[in-house]
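Structure assessment
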Amino acid sequence: MAQSTILPMHCLYGIFLEGDLNIKKDDENGLKKFKENIKKFNMEIEEIDKKSPQSRIGGSICFSSDIWDTITNKISKPKELKSVNTLSSYMPGTTQRDLLIHIISDRMDTCFQLAQDTIGNFGDQLEIKQEIHGFRRVEERDLTDFVDGTENPDGDDLRTQFGLVAQGEQNEFGSYVFTQRYVHNLKKWNPEPLSVQQDTIGRTKEESIEIPRDKRPITSHVSRTDLNENGKDLKIVRQSLPYGKITGEKGLMFIAYACSLHNIEKQLQSMFGQLDGKKDLLLQYTTPVTSGFYFAPSKKELLQL
């Protein structure tokens with residue numbers, strides 16, 4: 001069974017917590033306490049779900065490559081897992097952390113409760129470096145006012161296929177995770193003519209209809225991210241949400257789950273000009289300021305760390 005933030009669709013709220021662990025590999029008592037708090041996290045998800053099933057609460061704890069061998073010698077490190085800092089030569093905003101806690105719900109109060117209790121339980125063992133609260137907008141539109149995630153795999157079967165390591169493989173039902181916080185320059189974006197915006201995205205703004213490949217720029221966001229390799233779609237499962245303040249910084253908290261890190265990295269290479277020297281036009285209007293690669297173990301492996 002996968003952790004509970006990967007397969008659900010259309011969640012209304014999300015909290016994204018990334019931080020570093022203050023635990024040594026030889027600290028048996030500290031590791032025992034840490035793993036007990038992981039169990040408390042999962043128990044609280046179940047308790048909230050029983051009391052408030054309409055909230056559709058979900059939560060995942062995900063780990064970086066650098067911290068993997070510190071927290072477990074029982075579960076093999078996922079084959080593709082690595083630090084996002086290895087992409088720093090071409091992608092800005094590489095800020096790898098040890099751990100990601102991702103919480104989703106249709107109610108912000110249950111999101112907040114789970115996050116607050118979890119951080120309280122971990123205490124000094126976890127130093128939070130970034131906390132982002134996301135929200136779903138009307139018609140699932142990004143702050144650019146384009147629909148976000150139109151091509152997101154729909155339904156449990158497709159989301160399992162593209163979002164989870166296949167049954168029978170090492171780390172089965174786990175998922176490679178990528179976070180990237182974008183800050184939008186809406187003062188630059190909003191005045192642009194509709195034709196420029198639609199060429200930048202590769203879709204119509206109102207109906208979110210994909211513009212035919214031969215009529216949209218090769219550097220449009222759709223062209224840069226809708227990839228096929230040897231006849232195989234390189235799809236990812238997205239749970240991204242807008243975030244920010246009316247009078248301050250705002251943008252998109254991007255998060256993707258995938259059966260293979262290759263699918264995620266190939267899209268990044270395409271967006272940032274590593275495949276053919278051409279960059280995503282959308283990067284003229286939004287800037288990545290943080291990012292990280294993680295792995296979300298299956299619920300079974302998470303509890304066996």
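Refer to the structure above for everything that follows.
Residues numbered from 1 in each chain as written. Predicted model: local features only at pLDDT ≥ 70, side-chain atom pairs only at ≥ 80, totals over all residues. Heavy atoms only, no water.

Once that is clear, we can look at the overall build of the protein. A tally of regular secondary structure across the protein gives nine helices and eleven strands. For a compact globule of 305 residues, the expected C-alpha radius of gyration is about 19 Å, and the protein comes in at 19 Å, within 12% of that figure. Judged by the C-alpha coordinates and their principal axes, the protein covers about 60 × 40 × 35 Å. Per-residue burial for the protein yields a buried fraction of 54% across its 305 residues. Looking at the protein alone, contacts between residues at least 24 apart form 77% of all its contacts between residues at least 6 apart. As displayed, the protein offers around 14,200 Å² of accessible surface, 48% of which is attributable to carbon and sulfur atoms. (Helix = DSSP H or I, 4+ residues; strand = E, 2+ residues; numbered from the N terminus. Rg over C-alpha atoms; globule rule 2.2 N^0.38 Å. Buried < 20%, exposed > 50% of the residue type's maximum accessible area, 1.4 Å probe, protein only. Contact = heavy atoms within 4.5 Å. Areas by Shrake-Rupley, 256 points an atom, 1.4 Å probe, with all protein chains shown as cover.)

This part is about the packing of aromatic side chains. Applying the stated criterion across every chain, the model contains nine aromatic pairs. With 6.4 Å between their ring centres and 70° between their planes, F34 and F63 make a pair best called edge-to-face. On the criterion of sequence distance, the pair formed by F34 in helix α1 (residues 28–51) and F63 in strand β2 (residues 58–63) is long-range, its members being 29 residues apart. When the ring of W189 is compared with that of Y285, the centres are 5.0 Å apart and the planes differ by 80°; the resulting orientation is edge-to-face. Here W189, found in helix α5 (residues 186–189), pairs with Y285, found in the loop between α8 (261–271) and β11 (286–296); they are 96 residues apart in sequence, far enough to count as distant. A connected cluster of aromatic rings, assembled from ring pairs, spans F34, F63, W68, F122, Y176 and F295. The ring of Y285 carries K188 above its face, with NZ or CZ at 5.4 Å from the centroid. (Phe/Tyr/Trp six-rings, centres within 6.5 Å; stacked < 30°, edge-to-face > 60°. Lys NZ or Arg CZ within 6 Å of the ring centre and 35° of its normal.)

Now for the layout of surface pockets. Space inside the largest pocket adds up to approximately 320 Å³. Along the walls of the largest pocket sit 16 residues, with S4, I45, I57, G58 and K299 positioned nearest its centre. Going through the elements one at a time, α1 and β2 are the ones with two or more residues in the lining of the largest pocket. No other element matches the four residues that α1 contributes to the lining of the largest pocket. (1 Å grid on protein atoms, 1.4 Å probe; cavity = no way out; pocket = protein on both sides within 12 Å on 5 of 7 lines; lining within 4 Å. Points joined across faces, edges and corners; volume = space filled by probe spheres on them.)

Take I75: it is sitting in the loop between α2 (65–71) and β3 (99–105). Among the residues examined, I75 registers a relative accessible area of 11% and is labelled buried. When sequence neighbours within four positions are dropped, the list of residues in contact with I75 reads W68, N171, E301, Q304 and L305.

Now for the nonpolar core. F34, I61, F63, I101, I103 and L268 are the most contacted members of the largest nonpolar core, which has 49 residues in total. Residue contributions to this core peak at six residues, all from α1. Residues within four places of F63 in sequence aside, it is in contact with F34, I38, W68, I71, L81, D98, L99, Y294, F295, P297, L302 and L305. Judged by nonpolar contacts, the second largest core, of 20 residues, contains A2, I104, M253 and I255. (Core = buried A, V, L, I, M, F, W, Y, C linked by side-chain atoms within 4.5 Å.)

Going through the model one piece at a time under the given rule, you end up with three cavities of 30 Å³ or more. For the largest cavity, the lining is made up of 37 residues, of which D148, G149, H221, T225 and R238 are closest to its centre. Elements with a contribution of two residues or more to the lining of the largest cavity: β5 (175–184), α7 (221–225), β10 (250–258) and α8. Class assignment of the residues belonging to the lining of the largest cavity gives a composition of 17 nonpolar, eleven polar and nine charged. Considered as a void within the structure, the second largest cavity measures approximately 40 Å³ in volume. What lines the second largest cavity is simply T144, H184, N185, L186, W189, L282, Y285 and T286. Residue composition of the lining of the second largest cavity, grouped by class: four nonpolar, four polar and no charged. (Nonpolar A, V, L, I, M, F, W, Y, C, P; charged D, E, K, R; others polar.)

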